Amino acid sequence: MNKPLLIEIGVEELPAIPFLKELPNIEKKWSDILEKYKLSTDFDFFYTPRRLVIWHREFNLTQEDTTVEQYGAPVTIAYKDGKPTGAAIGFARKCGIDVEELKTINNGKDEVLYFKKDEKGKASKDLLNDMVNEFINALDFGKSMRWASRTDSFIRPIRSLIMMLGEEIVEGELYGVKSSNKSFAHRMVSYEPFSFDFAGDYFCKLDKNGVILYPEDRKKIILDQMKDIESQNNLKIDIDPELLEEIVAITEYPTALLGSFDKEFLELPEEVIVTSMKEHQRYFAVYKDGNLTNNFIVVSNSKTEDFSFIVSGNEKVLRPRLSDAMFFYKNDLNNGLSNEGLKNLVFVDGLGSMYEKCEREVKIASYLAQIFDVKEKELLSKAVMLSKADLMSEMVYEFTELQGLMGYYYAKAAGENELVFTALKEQYLPDGEDSDLPSNKFSAIVALAYKLDNLMGLFSVGKIPTGSKDPFGLRRAAAGIVKIAIEHKVEVNISNIIDNLLDTYSGLKKEKLIEFFNERLFKIFEVNPSIIKAVLGSGEGDIYKISQKICALNPIVLSDDFKESATTFKRVANIIKDIDINNLLNVNESLFEQDEEKDLYETYTLLTNKKYNTYEEELDALFSLKPKLDKFFDNVFVNHENENIKINRKNLIGLVYQAFRNIADIKEITI
């Protein structure tokens with residue numbers, strides 16, 4: 001028999017950020033507990049800032065009956081001379097019975113000790129309190145707190161507990177709070193709890209008491225209200241998804257309201273205003289005709305008829321924030337960009353100051369400028385030396401997330417070259433999975449220099465990512481280098497870069513850093529991993545060429561006839577496994593005895609003397625050798641009794657293998 005089950009854990013306001021980080025795990029943790037207690041059923045999970053709610057429309061009143069079977073040692077071991085041994089005594093103790101009660105069964109091989117017990121399922125109401133306590137203790141919000149005289153802790157004090165099975169209040173206790181049929185209304189409706197008679201009645205009374213329980217409903221209300229504000233005022237609201245989720249998590253009765261600030265603050269860079277509103281006040285920015293306006297959206301959690309005081313209160317709070325930002329901005333403009341202060345700002349222990357970091361980045365940028373054929377070398381050095389100067393600005397001290405961006409504004413205001421101030425803005429790109437990339441080669445060099453110095457520098461002092469820990473974001477830096485190289489079609493050969501700059505990074509283990517880079521390729525390219533392994537097996541070090549080779553080879557490997565082709569070319573690899581294919585292989589045409597040898601060599605020579613525009617074209621040409629190779633293998637005996645002819649034939653096959661290995665080591669591909 002089933003009945004509805006309602007569980008509500010009432011808490012003081014949950015902090016949104018740690019809660020949202022744990023949110024994806026919450027349902028799984030309850031599911032695991034249901035499975036552990038043999039009570040798995042469908043359920044819904046809802047939340048507001050003051051409650052966590054689990055709702056089962058149908059919940060089993062009892063566990064299913066089960067049969068426990070256990071098998072022990074063979075009888076020949078369990079008994080000796082008719083008396084039980086330690087094996088029999090231990091098995092009986094494990095089963096909770098006397099030795100005399102042990103039975104035996106034939107398992108198909110031996111007669112072994114056997115125990116069988118039918119267990120009747122327990123009433124679920126007798127298990128719920130343990131289940132709820134386990135569930136709460138399984139939640140991980142990071143920091144927790146203690147309250148009153150309690151020694152245990154949770155993210156926020158627990159104030160109420162509901163465990164109601166149908167119309168019955170299930171007895172239980174959580175953090176000293178006993179289970180009841182009482183919940184709390186919205187604070188602006190009442191501070192007193194309300195009671196209800198059965199689980200279904202709970203949802204109706206919540207709604208009447210100013211609490212919108214379902215997070216998706218709260219989100220829809222906010223978005224609908226924003227649409228109304230947009231249409232009524234001819235405005236466009238920038239709906240930041242992360243901020244929206246946060247607002248949903250901190251409201252029980254949301255109302256979107258339009259506020260404004262003094263137009264004089266629009267003199268500030270747009271990002272400063274938006275960041276100040278979002279990070280400090282949880283406001284949404286508002287635009288008109290593509291331009292930021294002096295409006296904002298605040299989502300109130302109040303239940304009232306008159307929101308004018310709420311709007312004016314938020315406007316009053318925002319003004320000093322923007323006033324401070326304006327003060328910082330004007331001071332920074334007056335002071336100008338200077339990197340002298342970076343000499344006293346430590347980068348990382350063992351790697352000197354931020355000024356010294358910039359000097360190392362200049363060396364990298366100068367090397368890359370030669371490779372990329374960028375002529376503006378003086379401007380490049382200037383851009384790199386100014387790139388971290390805004391770390392000394394008052395604005396970045398207040399808003400650290402604006403580093404680089406404020407350097408862009410200050411350099412632009414100072415009349416610097418467009419290449420310079422654009423590079424300052426784009427030096428940290430890409431900074432996320434779907435981030436933009438530097439817009440030109442000049443900016444790309446500055447961004448690469450920053451990332452490469454981070455990698456080479458931190459690897460040289462032993463600060464290498466381990467497991468899931470990557471405090472300096474080196475995996476992201478490596479992925480960014482790959483993406484930039486591919487986007488701008490430029491040669492970024494990590495091995496060559498390290499060789500040219502090794503003197504700057506004493507203690508750097510080249511092999512370890514290259515291995516780290518190669519590991520990133522397996523994360524970036526969504527292809528059969530053996531394709532990446534095969535391309536790396538070619539010895540290619542240029543990231544852009546590696547990407548081209550992977551993209552050229554992947555569709556061939558995915559084709560229906562590749563398996564047949566792979567068999568032929570792996571046979572090639574097997575035949576020449578005892579010769580050094582890294583050496584120059586000489587083929588003497590005068591030693592050819594059969595037409596298949598001549599035909600294969602002529603076709604090979606013709607194909608390899610051609611120039612190809614893409615790796616796709618070259619691979620298509622090389623794979624067209626398959627019929628010639630098959631004929632060769634069918635009709636030519638490679639291990640000829642004449643040693644010179646044998647070597648000549650192996651060298652011929654080796655040349656074909658070498659041609660492929662210039663792109664990828666085909667034998668590494670598995671399908």
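The structure contained in this document is the topic of the report that follows.

The rules behind these values
- Residues numbered from 1 in each chain as written.
- Predicted model: local features only at pLDDT ≥ 70, side-chain atom pairs only at ≥ 80, totals over all residues.
- Heavy atoms only, no water.
- Pairing = 2+ DSSP bridges.
- Helix = DSSP H or I, 4+ residues; strand = E, 2+ residues; numbered from the N terminus.
- Axes fitted to C-alpha atoms, helices over the stretch in contact; angles between N-to-C directions.
- 1 Å grid on protein atoms, 1.4 Å probe; cavity = no way out; pocket = protein on both sides within 12 Å on 5 of 7 lines; lining within 4 Å.
- Points joined across faces, edges and corners; volume = space filled by probe spheres on them.
- Nonpolar A, V, L, I, M, F, W, Y, C, P; charged D, E, K, R; others polar.
- Buried < 20%, exposed > 50% of the residue type's maximum accessible area, 1.4 Å probe, protein only.
- Arc of directions from axis to C-beta.
- Contact = heavy atoms within 4.5 Å.
- Salt bridge = Lys/Arg side-chain N within 4 Å of Asp/Glu carboxyl O.

Focus on the sheet that holds strand β7 (residues 103-106)
Within the open sheet, the 3 strands sit side by side as β4-β8-β7. Their pairing is antiparallel. The outermost strands of the open sheet, each flanked by one partner alone, are β4 (66-74) and β7. Strand after strand, the sheet turns through a mean of 40° between neighbouring axes, direction not considered. Pairing geometry for β4 and strand β8 (residues 111-119), over 7 bridges, is antiparallel. Following the sheet pairing, Glu69 is matched in β8 by Lys116.

Observations regarding the layout of surface pockets
In this model, the largest pocket occupies a volume close to 1300 Å³. Lining of the largest pocket is provided by 36 residues; of these, Glu401, Gln403, Tyr428, Leu429 and Asp431 occupy positions nearest its centre. At the level of secondary structure, the elements contributing two or more residues to the lining of the largest pocket comprise α8 (270-281), α10 (354-372), α14 (418-426), α15 (441-460) and α16 (474-488). At 4 residues, α15 tops the list of elements feeding residues into the lining of the largest pocket. Broken down by class, the residue content of the lining of the largest pocket amounts to 18 nonpolar, 8 polar and 10 charged. Put simply, the second largest pocket is a space of about 260 Å³. Every element with two or more residues in the lining of the second largest pocket is listed here: α16 and α18 (510-524). Considering each element in turn, the lining of the second largest pocket owes the most residues, 5 residues, to α16. For the lining of the second largest pocket, a count of residues per class yields 3 nonpolar, 2 polar and 7 charged.

Things to note about helix α24 (residues 626-635)
An α-helical segment advances 3.6 residues per turn. Residues three or four places apart therefore align on the same side. All of the buried residues in α24 are Lys626, Leu629, Phe632 and Phe633. One side of α24 holds all its buried residues, which, seen down the axis, span an arc of 120°. Those residues of α24 that are exposed and aimed more than 90 degrees away from the buried face are Lys631 and Asp634. Looking at the packing, one finds that the buried side of α24 touches α21 (562-575), α22 (595-608), α23 (615-623) and α25 (643-661).

Side note on unusual backbone geometry
Look at the link from Leu429 to Pro430: it is a cis peptide, with omega at -5°. One non-glycine residue with positive phi stands out, namely Ala148, at about 50°. Topologically, Ala148 is positioned in the loop between α4 (128-138) and β9 (158-165).

Some words on the pattern of salt bridges
The full count for this structure, using the stated rule, is 36 salt bridges. Across the pair Arg51 and Glu252 runs a salt bridge whose closest N-O atoms are separated by 3.0 Å. Of the two residues, Arg51 is situated in strand β3 (residues 51-60) and Glu252 in the loop between α7 (241-250) and β16 (255-260); the sequence distance between them amounts to 201 residues. Here Arg51 matches Glu252 in class, with each residue buried. Among the ionic pairs, Lys510 bridges to Asp499, the shortest N-O distance being 2.9 Å. Here the residue Lys510 occupies a position in helix α18, and Asp499 occupies one in helix α17 (residues 494-501), the gap between them amounting to 11 residues. When its relative accessible area of 44% is taken as the criterion, Asp499 is described as partly exposed. Residues participating in the shared-partner salt-bridge network are Lys357, Arg360, Glu361, Lys388 and Asp453.

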